[in-house]
Amino acid sequence: MQIKKNVAIVGSGLVGSLLAIYLRKQGHSVTVFDRRPDVRKVEFSGRSINLAMSNRGWKALGEVGIEEEIRKLALPLDKRAMHVEGQPVYYQNYGEDGEAIYSISRGVLNRKMIDLAEKAGAEFKFEEKVWEVDMPNARLYTGESEKSNWEEYQFDLIFGADGAFSRVRHKMQRQSRFNYSQHFIDVGYKELTILSNEDGTHKLDNSSFHIWPRGKFMLIAMPNLDGTFTCTLFLPFEGDISFESIKTEHDADVFFETYFSDIKDEISNLKRDFFKNPTSAMVTIKCFPWSYYDKITLVGDSAHAIVPFYGQGMNAGFEDISVLNEKMDKYGDDWQQIFEEYQTERKPNADAIAELSYRNFMEMSSKTADPMFLLRKKIEKKFAQDHPDLWTPLYSRVTFSDKAYSEALKIGDYQRAIMDEVMKIPDIEEKWDSKEVEEKIIKLIKK
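Note that the structure is predicted; figures quoted are calculated from it, not measured.

Caption draft 1: Here's a closer look at the environment of S145. Structurally, S145 is set in the loop between β10 (139–143) and β11 (151–154). Residues S145 and Q385 lie 240 residues apart in sequence; the distance between their C-alpha atoms is 59 Å. Setting aside residues no more than four positions away along its own chain, S145 makes contact with W131 and W150.

Caption draft 2: Expanded view of the layout of surface pockets. A volume near 1200 Å³ is recorded for the second largest pocket. Along the walls of the second largest pocket sit 43 residues, with E363, K377, E380, P393 and Y395 positioned nearest its centre. At the level of elements, β6 (90–93), α10 (335–365), α11 (371–386), α12 (394–399) and α13 (405–422) are the ones that each hand at least two residues to the lining of the second largest pocket. Per element, the largest residue contribution to the lining of the second largest pocket is ten residues, and it comes from α11. Its residues placed into classes, the lining of the second largest pocket shows 18 nonpolar, ten polar and 15 charged.

Caption draft 3: Spatial organisation of helix α4 (residues 106–120). Under the 1.5 Å per step criterion, the end-to-end length of α4 is 21 Å for 15 residues, consistent within 8% with the ideal 21 Å. Along α4, the residues classified as buried are G107, L109, N110, M113, I114, L116 and A117.

Caption draft 4: Structural context of helix α1 (residues 14–25). Helix length check: α1, at twelve residues, gives a terminal C-alpha distance of 17 Å against a target of 16 Å (1.5 Å per residue), a fit within 8%. Counting buried positions along α1 yields ten of twelve residues, so the element is predominantly enclosed. Within α1 the residues assigned to the buried category are L14, V15, G16, S17, L18, L19, A20, I21, Y22 and L23. Note on α1: the residue one or two positions beyond its end, G27, has a positive phi of about 95 degrees.

Caption draft 5: Summary view of the nonpolar core. The biggest cluster of nonpolar side chains holds 69 residues, and the ones touching the most others in it are L18, M53, I70, L109, L140, F159 and F318. Top element by residues in this core is α1. It accounts for eight residues. With residues near it in sequence (within four places) discarded, M53 still touches W58, L61, I70, I101, Y102, I104, L109, M314, N315 and F318. Grouped together as the second largest cluster of nonpolar side chains are 34 residues, M222, I306, V398 and A408 included.

Caption draft 6: Seen up close, the packing of α1 against helix α9 (residues 313–331). Between α1 and α9, the least distance of the axes is 9 Å, while the angle of their chain directions is 20 degrees. As judged from the angle between their axes, α1 and α9 are roughly parallel. Helix-helix and strand crossings are classified by hand; for α1 and α9 the assignment is right-handed. Together, L14, V15, L18, L19, Y22 and L23 of α1 and M314, G317, F318, I321, S322, L324, N325 and M328 of α9 make up the contact between the two elements. Residue composition of the contact of α1 with α9, grouped by class: eleven nonpolar, three polar and no charged.

Caption draft 7: Summary view of the sheet that holds strand β9 (residues 129–134). Spatially, β9-β10-β11 is the arrangement adopted by the three strands of the open sheet, whose pairing is antiparallel. Only two strands of the sheet have a single neighbouring strand rather than two, namely β9 and β11. Ignoring which end each strand starts from, the neighbouring axes of this sheet average 25 degrees apart. Where β9 and β10 come together, five bridges link them in antiparallel fashion. Residue pairing across strands places V133 opposite L140, the latter belonging to β10.

Caption draft 8: The pattern of salt bridges, seen in detail. This model, assessed by the stated rule, comprises 37 salt bridges. Ionic pairing is found between E69 and K72, a salt bridge with its closest N-O pair at 3.7 Å. By relative accessible area, which is 30% here, E69 ends up partly exposed. On the accessibility criterion, K72 (58% relative accessible area) is exposed. Two residues, K327 and E345, come together in a salt bridge whose shortest N-O distance is 2.7 Å. Within this pair, whereas K327 is found in helix α9, its partner E345 is found in helix α10, the two being separated by 18 residues in sequence.

Caption draft 9: View of empty space enclosed by the protein. Using the criterion set out here, one finds one cavity of 30 Å³ or more in the structure. Of the pockets and cavities examined, the largest cavity occupies roughly 30 Å³. Taken together, T284, I285, K286, C287, W290, A303, H304, A305, K347, A350, D351 and A354 form the lining of the largest cavity. Listed by contribution, the elements that provide at least two residues to the lining of the largest cavity are β18 (283–288), α8 (301–304) and α10. Grouping the constituent residues of the lining of the largest cavity by class yields seven nonpolar, two polar and three charged.

Caption draft 10: Focus on the sheet that holds strand β4 (residues 75–77). If you trace the three strands from one edge of the open sheet to the other, you get β3-β7-β4, paired in antiparallel fashion. At either margin of the open sheet sits one strand with a lone partner, and together these are β3 (51–53) and β4. If you compare each strand with its neighbour and ignore which way they point, the axes differ by 40 degrees on average. By the bridge criterion, three bridges tie β3 to strand β7 (residues 101–104) in an arrangement that is antiparallel. The residue of β7 that forms the bridge with L51 is I104.

Caption draft 11: Examining the pairing of strand β12 (residues 157–160) more closely. By the alternation rule, side chains of β12 split into L157 and F159 and I158 and G160, which are all buried. Pairing of strand β1 (residues 6–10) with β12, which is carried by four bridges, proceeds in the parallel orientation. Within the sheet, the bridge partner assigned to V7 lies in β12 and is L157.

Caption draft 12: Highlighting the packing of aromatic side chains. According to the stated counting rule, one finds 29 aromatic pairs in the structure shown. A centroid spacing of 5.7 Å and a plane angle of 70 degrees characterise the contact between F255 and F260, whose relative ring orientation is edge-to-face. The exposure class of F260 is buried, given its relative accessible area of 0%. Through successive ring pairs, a cluster of aromatic residues spans F217, F237, F243, F255, F256, Y259, F260, F274 and F275.

Quick notes on the rules
Residues numbered from 1 in each chain as written. Predicted model: local features only at pLDDT ≥ 70, side-chain atom pairs only at ≥ 80, totals over all residues. Heavy atoms only, no water. Helix = DSSP H or I, 4+ residues; strand = E, 2+ residues; numbered from the N terminus. Contact = heavy atoms within 4.5 Å. 1 Å grid on protein atoms, 1.4 Å probe; cavity = no way out; pocket = protein on both sides within 12 Å on 5 of 7 lines; lining within 4 Å. Points joined across faces, edges and corners; volume = space filled by probe spheres on them. Nonpolar A, V, L, I, M, F, W, Y, C, P; charged D, E, K, R; others polar. Expected span 1.5 Å × (residues − 1). Buried < 20%, exposed > 50% of the residue type's maximum accessible area, 1.4 Å probe, protein only. Core = buried A, V, L, I, M, F, W, Y, C linked by side-chain atoms within 4.5 Å. Axes fitted to C-alpha atoms, helices over the stretch in contact; angles between N-to-C directions. Parallel < 35°, antiparallel > 145°, perpendicular 65-115°, else oblique. Left-handed = near helix turned anticlockwise from the far one by under 90°. Pairing = 2+ DSSP bridges. Salt bridge = Lys/Arg side-chain N within 4 Å of Asp/Glu carboxyl O. Phe/Tyr/Trp six-rings, centres within 6.5 Å; stacked < 30°, edge-to-face > 60°.

This is how it looks when you write it as structure tokens:
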């Protein structure tokens, strides 16, 4: 146990709530501030992408004793279901037998995490907006508006867990030599829903992550415990086929019937959600340093927001907390050393998963419908099964292990170069599972 500190966490999202539980376990007094209302008392906003919990997330939950509680909210998905135009649905297993990602509703999980943090002894202050941070003295100032009277709170430590547009990070950006970048992609997203059957069962396979790849856009669907699917439509903001181009209900009918004909019975419902729910943007944010002496540090999206195409945003944020806790155990009450080693270790991994997430968008939207790409994946998978000591596929390295993201990116680039050579073999379509191909890969690995 560390010497008890009075700690503020700004942000009651998933990462902030998990951090509150960890800090309470370490014996600290914890107050969590959030400018929004209590998520347990409001309707969900229609801005959610279902979460894909994988090894890193489960590990962080397990270390603080809440993994089994959260597993009750999750559905295991052991494969992708690919809905390619003009072809029957086909399935791609994610990894080895028993390996799965887990679909969880963001809203349901967030409500549960706040309950668990309160149960652990954290205090939550909702609808309390932080306007100013006095970094050297670890003070927060909250109020109705920038011009209203502010209330002052004194703390020993402040953690910024307030997301991509963090108020805490905004204050840190005013320092000299603080590096910051943000990059929005030209694609937005909109939440849609596929309702359950009348008896409450799912209309599509509920152990699959469903993808409709359509080149520059795509639809995904992940199951919920109540028989529904949370769908996310990723579509350019502008252009011939875009959010901008779908202005009327007729436009929406034509769009869904043309590109998603296998779920045509759902079109009226999808169309209703299309006009009801907001269109949201996606941003990658990078910054450094994440910490200010022994007073303040950033966690989760505040430090490293990424696009959602590897399903690792939450997992990376949870892993931040696990690593932070490791440093607390290692350095006791030396908070400057804790923060320094935490940010130095996590920064390269945050940059790596940002890059991998962006690349995976290109892969999911266009390449998953390309026969040569699918053949390439088939060759990789067979070789990995025959030679597990020589080859772990990149997806498995990211999703089903807790090895560093930076290492996964480096090894993934090396494997990609090998597969580029393999795909140049004449008549590769006929001889993909031959001894020649196997020996070629081994030779390239040992080069």
